[in-house]
Amino acid sequence: MLLYRKYSTDCHEQLFKDFGEFPPKPLRAPPLKHTFDVIYLSGIGSKYYSLSRVFGLFKADEDEIEDENVRLMHKEVQDVKYGLVTSLQDLVFKFKKLNLLNKTLSLLLVILISPLFLIFFAFLLIILIYRLYRIPSLGLNSLGFFSPITQQKSEIVVKPRDIKNAGLSLDAIVSHEHIHLLQFRKFPDRQNDLLGTDFKASVKNVLKDSAKRSGKAFYYLSINEVEARLHEVVLSYYRAYQSLPHDYRGFLVMILSCEVLGGPVSKILSNHEVELQEYVFRDFNLREVAPAQDLAIMLGYFKDFSYSKRFVCESLSVMYGNLLMLYGDTQKAINYLKTIECSDFYLQLYGEPSVPMDRAGE
C-alpha cells in the first residue's frame, strides 16, 4: 500500500460509479464536470499531507484557520520562521555597523565555519519537523474527510488501511465525502453554521438527556452528515430498481423497504397512526450498512417517537429533495418537494427554507 496516492476524477464519474449510470432515472441533469482529487493516505503519508497543506497556508491569518490541528501546525511553522528571520535581520544589522576590516574578517570567518552553520540549520529543521510530527494529522480520527478550509483545490481524503480495518467499504467512504464536496458547492451558505449555537439550541430541545451530553448526537444530526448517509440508502435502492422515488410516498417506500431502517421506521409510523398497509415494500440490500445504521441510531436520540416520526417524515424527506438537487436536477427536486405533506421539523432544526424554492436557480 502506497503511503500517498492521488487519483483525479470528476463529479459526473463519481455519481456514475455510485448509481451505475448517470443521471439516474428519472432525473435529467447536465454533466457534472467539476474535477477533484481523491487522496489515498496511509501511515506517514497522513503527516506529509498535513504538512503540505499547512505550508500552503503561510499567507493566511492564524485567526482565520478554523481547524484546530491546522492552527497549531501553522503557529509552529510561523514561530520558527519568525525566529529565523529575526536572527538573520539582527546579524545583517550588526554586520553593517562593522568597519571594512572587521567586515572582511567576519566574511572569512563565516566561510571557515559555514559547515557549522549548515549543521546548525539542519538541527533547526530536524527540531521543526519533530515538533510538527507530534501534532495530530488532519482528520486524525476520521476514515476520510473533505476539508476545503485546508485544501488548495477540491480534494477528498480517504484512508484505505483504516477503512479496511474498520470493515467498511472504501467506495462508500469516497461516496460519502463526495457528497460533502457537492454540498459545499451547491449550498455554500449552510457551511458557515453546521454545528453553530442556533443549530445546537434547536436540536437540544428535542433530544434525550443522554443525547444532549453526547457530542456525537449533534454531529450525526447535522444536515450534511444526515444527507451524506441518506445518499448511501438512495444509491442502494437505485441499484436494485433503476429508478429514484419521485414523490413523498415513493420516499417512504424506499425508507420502509431498507433492510436496516424498515423495522424501526415502521414501528415509529405505526405508533403515530400512519397507515402502512397502502405501502408496497420493495426490499433491497445496502451496499454499506453502516450509514443506515447511523440513521437508525439517530432516531433513538429524540425524546420520544413523535419527534422520531417527524424527523423521518418532515426532515429526512426534505433532505432527499436536497440530494436530488446535488444530483443535478433542480426541477425534479422542486416537483418532489411539493409532494411532501409537511416540512416544519426540517425548518425548526436546520433553519433552511422548508421547501427550498429559492434555491432553484443555484
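Our structure's up above, just so we're on the same page.
Predicted model, so just to flag it, every value in this text is computed and none were measured.

## What to know about the overall build of the chain
And then number 1: Check the secondary structure of the chain and you find 16 helices and four strands.
And then number 2: When the 362 residues of the chain are sorted by exposure, 46% land in the buried category.
And then number 3: Entry remark: accessible area of the chain is about 18800 Å², with carbon and sulfur atoms responsible for 57%.

## A short note on the pairing of strand S2 (residues 35-41)
And then number 1: Burial within S2 is extensive, with six of its seven residues counted as buried.
And then number 2: Alignment of strand S1 (residues 4-10) against S2, held across seven bridges, turns out to be antiparallel. Across the sheet, tyrosine 7 pairs through a bridge with valine 38, a residue of S2.
And then number 3: Relative to strand S4 (residues 155-158), S2 is paired through four bridges, and the arrangement is parallel.

## Points about the packing of helix H11 (residues 248-257) against helix H14 (residues 305-326)
Packed helices, taken two at a time, are described by the angle their axes make and the gap between the axes.
And then number 1: In contact at an axis separation of 11 Å, H11 and H14 are set at 100° when each is read in the N-to-C sense. On the basis of the axis angle, H11 is roughly perpendicular to H14. Across from Tyr248, Phe251, Leu252, Met254 and Ile255 in H11, the residues of H14 making contact are Val312, Cys313, Leu316, Ser317 and Tyr320.
And then number 2: A class-by-class count of the residues in the contact of H11 with H14 yields nine nonpolar, one polar and no charged.

## Considerations on the sheet that holds S4
And then number 1: If you trace the four strands from one edge of the open sheet to the other, you get S1-S2-S4-S3, paired in mixed fashion. Sheet topology places S1 and strand S3 (144-145) at the edges, where each strand pairs with a single neighbour.
And then number 2: Docked against the sheet, helix H1 (residues 11-19) engages S1 and S2, running at close to 95° with respect to S1.
And then number 3: Relative to S4, helix H6 (residues 170-186) is tilted by about 150°, and along the sheet it contacts S2, S3 and S4.

## Notes on the environment of tyrosine 320
And then number 1: Residue position: tyrosine 320 is located in helix H14.
And then number 2: Counting along the chain gives 89 residues from tyrosine 320 to histidine 231, while the straight-line C-alpha distance between them is 8.1 Å.
And then number 3: Ignoring sequence-local partners within four residues, the contact set of tyrosine 320 consists of Leu230, Val234, Leu244, Pro245, Phe251, Met254 and Tyr336.

## Some thoughts on the side chain of serine 315
And then number 1: Tracing the sequence through the fold places serine 315 in helix H14.
And then number 2: Residues in contact with serine 315, not counting those within four places in the same chain, are Arg310, Phe345, Tyr346 and Leu349.

Reading guide: rules and limits
Every chain's residues receive numbers from 1 upward, in the order its sequence appears when written. Only residues with pLDDT of 70 or above have their local features reported here, since the model is predicted, and side-chain atom pairs are shown and tallied only from 80 upward, although totals for entire chains, interfaces and linings are computed over all residues. Side-chain numbers come from the whole structure's heavy atoms, not from hydrogens or water. Helix and strand assignments follow DSSP, with helices taken as H or I runs no shorter than four residues and strands as E runs no shorter than two, numbered in order from the N terminus. Working definition: with a 1.4 Å probe on protein chains only, accessible area under 20% of the residue-type maximum means buried, over 50% means exposed, and in between means partly exposed. In short, Shrake-Rupley with a 1.4 Å probe defines the accessible areas, and a residue's cover is counted only from the protein chains shown. One bridge is not enough; two strands pair if DSSP finds at least two bridges between them. Here, axes are lines fitted to C-alpha atoms. For helices the fit covers the stretch in contact, and angles between N-to-C directions go from 0 to 180 degrees. Note on terminology: angles under 35 degrees are roughly parallel, angles over 145 are roughly antiparallel, angles of 65 to 115 are roughly perpendicular, and the others are oblique. Residues count as neighbours in contact if any of their non-hydrogen atoms are within 4.5 Å of one another. All residues other than Ala, Val, Leu, Ile, Met, Phe, Trp, Tyr, Cys, Pro, Asp, Glu, Lys and Arg, Gly among them, are scored as polar; the first ten of these are nonpolar and the last four charged.

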